[in-house]
Amino acid sequence: MYQGVNASDGIGIGTAIVAVEPDLSYTPTTPESPEEEKQRYKAALDRFIEKTQGQADRMRETVGEAEAEIMAGHIILATDPFMLDEINNRIDGGMCAEQALNEVCDMFYAMFDSSEEQLIRERCADIQDIRTGELAELLGKEVVDLSHLPINSIVVVHDLTPSMTATIDKENVAAVVTETGGRTSHSAIIARALEIPAVLSVEGCCTNIHNGDMCIVNGSTGEVHVQPSPEELEAAKAAAHKAIAEKRALEIFRGKETVTADGERVLLVANIGNPDDATAAVEHDAEGIGLFRSEFLFMDAKELPSEEEQFTAYQKVALRMKGQPVIIRTLDVGGDKEIPYMNMQPEENPFMGYRAVRYCLNNPEQYKVQLRALLRASAFGDIKIMLPLVTCIDEVRQAKALIDVCKRELDAEGVAYNKDIEVGTMVETPAASLIADDLAAECDFFSIGTNDLIGYTMCADRGNDRVRYLYTVYQPAVLRSLKRIIEEGRKAGIMVGMCGEAAADPLLIPVLLSFGMNEFSVSAPAILRTRKVISQWSKEAADAITEEALKLKTAAEVQALLSAAAK
Ligand code: PEP
Ligand code: MG
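Residues numbered from 1 in each chain as written. Chains lettered and ligands numbered in written order. Predicted model: local features only at pLDDT ≥ 70, side-chain atom pairs only at ≥ 80, totals over all residues. Heavy atoms only, no water.

## Observations concerning the site of ligand 1
- Not every one of the 15 residues close to ligand 1 is listed here, only the nearest: Arg293, Arg329, Lys337, Asn451 and Arg462.
- A distance of 3.4 Å separates an oxygen atom of ligand 1 from a polar atom in the backbone of Gly449.
- Here an oxygen atom of ligand 1 and a backbone polar atom of Asn451 are 2.8 Å apart.
- Contact with the protein chains removes 100% of the 290 Å² of surface that ligand 1 exposes when unbound.
- Looking at the shell around ligand 1 element by element, the count peaks at three residues for helix 19 (residues 450-458).
- Taken together, the residues of the shell around ligand 1 break down into three nonpolar, five polar and seven charged. (Near = heavy atom within 4 Å. Polar contact = N/O pair within 3.5 Å; in protein donor to acceptor, adjacent residues only side chain to side chain. Areas by Shrake-Rupley, 256 points an atom, 1.4 Å probe, with all protein chains shown as cover. Helix = DSSP H or I, 4+ residues; strand = E, 2+ residues; numbered from the N terminus. Nonpolar A, V, L, I, M, F, W, Y, C, P; charged D, E, K, R; others polar.)

Right, dumping it as structure tokens:
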């Protein structure tokens, strides 16, 4: 049994598919017959084209035309006459096919990479895909295709990246196991949005678990059983059935208002990463969107999305939510959110570096593209703008000034937008927590980002397994920070929500209610469960347990107290 981080609830039972990068090393040789070597290369190329065409066709059906076009582009490039001539000439000169392919890919890569044009430079990624795909064919190695998996697959990968999730065949994935990442890493957030059970940070899983191994993955406890006994298998099946029954029982909360046991109304909204997720939010009965992580739009693109592209995405969410609140966070780039084409300089400490609102305010022309798109979309629903990683008042003032510039531009152009659009801030840094009173005076709302707030308060990275014991919301330092933020926000009369993962923590909910938090933004599948937990707490009971919790000195004691109270 392996123990990892419980990242996405549910029990998956199935067969392991270990998606490791294949070893594509080879020893260069001089083939006896260049003609036969060229034939061997041609056969490998044909197999590569056939597989790529299959992937493009499936992506067209499941993901979309744009993604399918990228795959089709690989075929056009791989069959480029100049490229083929260069490879065949090298084979004629005595090289083996692997070496000829590698050299020509290096040549194309250098050529694209030195281009002035970004679109051409981006083709370097295509060259790498072609190199990997064709080399794998030549060497008889398997490159795992996540877009086409057998039913009940347990995907075992080093990390689940946003690009993998664009292609993953989620109907057939029973669970995901990764080597890296914590509960708040983006792999975890994506797995929860896709409703795939996931256990992360299982050290060595890509080597210790083998293709075809039978696995039980418990995304709620973080346990992974490999080659389980018949008894373990029976127990897991029973637990999976129980989990399904519990999920069904939550259905009585569908369509209900979110109220505490003594009738206090709070807002229960969803976190999303792309416009299509809004459909899942509606299906799970969210009362709006509390966090649209707009950086995913940027991460999924090959270049900066234009104002029109962004407007279309934001408008789609606004229309889908039919007048319910939609909080869209402006680009939160940097830290663990890399956007390759933005060519950000490597930094010694990227989590504390040039990122998020700092980057955007330094690039006002680029920021205005997003702000204009948000303003224009606000004519179609209740869109609110949220600033990430705020640490001082100046950032809020500068962002609001830039929003005013955009408003004036739109006025001059006669374009409609909501003149009273709300502008709020994430409270996710100790600095923002300490100046919460001043911030509240200049913001329309707060949304607490515990994923970062815990990390920055405890000086512990969210994805670092070795400091996981520090990275918990039950730390007294974190609780005191939350108390301060919520109380200062409510004193100023603004809405105080939370969009960090802790908002869905059933143990923490009474504490947040006692502090006065009035908006909970959770992953869509956690909506009904969160509504149920909120309904179980009265103000009096929540205050009593919170008073006790605040007296405790360690995270373990706080967690034990809240666990006992939850039972
Ligand atoms: C947070 O920090 O809590 C948050 C919601 O933002 P992200 O996880 O995207 O950093
Ligand atoms: Mg954050």
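Moving on from the coordinates now.
## Some words on helix 24 (residues 555-566)
- With twelve residues, helix 24 extends 16 Å between its outermost C-alpha atoms, agreeing within 8% with the 16 Å of an ideal straight helix rising 1.5 Å per residue.
- Those residues of helix 24 lying buried are Ala555, Val558 and Leu562. Buried residues along helix 24 cover an arc of 65° about the axis, so they all sit on one side. In this structure, helix 24 carries Ala556 and Ala564 as exposed residues pointing more than 90 degrees from its buried face.
- Contacts from the buried residues of helix 24 go to helix 20 (476-491), helix 21 (509-515) and helix 23 (539-551). (Expected span 1.5 Å × (residues − 1). Buried < 20%, exposed > 50% of the residue type's maximum accessible area, 1.4 Å probe, protein only. Arc of directions from axis to C-beta. Contact = heavy atoms within 4.5 Å.)

## Focus on the packing of helix 4 (residues 97-113) against helix 6 (residues 123-139)
- The geometry of helix 4 relative to helix 6 is characterised by a closest axis approach of 9 Å and an angle of 175° between their N-to-C directions. The angle between the axes of helix 4 and helix 6 places the two elements in the roughly antiparallel class. Across the interface between the two elements, Ala97, Glu98, Leu101, Asn102, Cys105, Asp106, Phe108, Tyr109, Phe112 and Asp113 of helix 4 pack against Arg123, Cys124, Ile127, Gln128, Arg131, Glu134, Leu135, Leu138 and Leu139 of helix 6.
- Classifying every residue of the contact of helix 4 with helix 6 gives eleven nonpolar, two polar and six charged. (Axes fitted to C-alpha atoms, helices over the stretch in contact; angles between N-to-C directions. Parallel < 35°, antiparallel > 145°, perpendicular 65-115°, else oblique.)

## Comments concerning the coordination of the magnesium ion (ligand 2)
- Here the magnesium ion (ligand 2) is held by the protein donor atoms Glu428 (OE) and Asp452 (OD), which lie 2.0 to 2.1 Å from it. In this pair, Glu428 sits in the loop between strand 13 (423-427) and helix 17 (430-434) while Asp452 sits in helix 19, placing the two residues 24 residues apart along the sequence. Asp452 carries the same exposure label as Glu428, and that label is buried. (Donors = N, O, S within 2.8 Å, 3.2 Å for Na, K, Ca; no water.)

## Structural notes on the sheet that holds strand 2 (residues 5-8)
- Pairing is mixed in the open sheet, where eight strands are placed in the order 1-8-7-3-4-5-6-2. At either margin of the open sheet sits one strand with a lone partner, and together these are strand 1 (2-3) and strand 2.
- Looking at chain direction, strand 3 (residues 11-18) and strand 7 (residues 214-218) are connected through five bridges and run antiparallel. Within strand 7, the position partnered with Ile11 by the bridge is Asn218.
- Contacting strand 2 and strand 6 (198-200), helix 8 (residues 186-194) runs over the sheet at an angle of about 45° to strand 2.
- Packed onto the sheet, helix 10 (residues 230-249) meets strand 3, strand 7 and strand 8 (223-226) and runs at close to 120° relative to strand 3. (Pairing = 2+ DSSP bridges.)

## Examining the state of the cysteines
- Within the structure shown, the criterion is met by zero disulfides.
- For the unlinked cysteine Cys96, the closest cysteine sulfur is that of Cys105, found at 13 Å.
- No disulfide involves Cys392; its sulfur sits 12 Å from the nearest other cysteine sulfur, which is in Cys443.
- Since its relative accessible area comes to 26%, Cys392 is described here as partly exposed. (Disulfide = S-S within 2.5 Å.)

By themselves, these figures tell us nothing about what the structure is for.
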